[in-house]
Amino acid sequence: MGMYYTTSEVKRIFGWGSNSTVQRKRDSGFLPPPDLSGRPNKWRKDVIDAIVYAPNSGSTNKKNTSKKNDS
């Protein structure tokens, strides 16, 4: 388990369907710029978790902690 979420993980956590949604959320200030830019971008887990679990965040999104079985 690494210390970063990838773009696809961030999309899954928030229930977003596209990269353009990620960009719109960054432009609006809801999502900070990635900590590591690239393909995929990567955000520190503690930064994203702080957004997910922030009191009074106005979001009803809950973190999806399920793990995909890659076997």
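Everything below is about the structure printed above this text.
Residues numbered from 1 in each chain as written. Predicted model: local features only at pLDDT ≥ 70, side-chain atom pairs only at ≥ 80, totals over all residues. Heavy atoms only, no water.

The geometry of an aromatic ring pair comes down to the distance between the two centres and the angle between the two planes. Evaluation of the coordinates by the stated rule reveals 3 aromatic pairs. When the ring of Phe14 is compared with that of Phe30, the centres are 5.5 Å apart and the planes differ by 80°; the resulting orientation is edge-to-face. Highlighted residues: Phe14 in helix 1 (residues 7–14) and Phe30 in the loop between helix 2 (19–28) and strand 2 (42–44), separated in sequence by 16 residues. Residue classification places Phe14 among the buried residues on the basis of a relative accessible area of 4%. With a centroid separation of 6.0 Å and 65° between ring planes, the pair formed by Trp16 and Phe30 is classed as edge-to-face. Here Trp16, found in the loop between helix 1 and helix 2, pairs with Phe30, found in the loop between helix 2 and strand 2; they are 14 residues apart in sequence, far enough to count as distant. Taking relative accessible area as the criterion, Trp16 reaches 12% and is therefore assigned buried. Using a relative accessible area of 29% as the deciding quantity, one classes Phe30 as partly exposed. The structure contains a cluster of three or more aromatic residues connected by ring pairs, namely Phe14, Trp16 and Phe30. Looking at Lys25, its charged tip hangs above the ring of Phe30, at a distance of 5.5 Å from the centre. (Phe/Tyr/Trp six-rings, centres within 6.5 Å; stacked < 30°, edge-to-face > 60°. Helix = DSSP H or I, 4+ residues; strand = E, 2+ residues; numbered from the N terminus. Buried < 20%, exposed > 50% of the residue type's maximum accessible area, 1.4 Å probe, protein only. Lys NZ or Arg CZ within 6 Å of the ring centre and 35° of its normal.)

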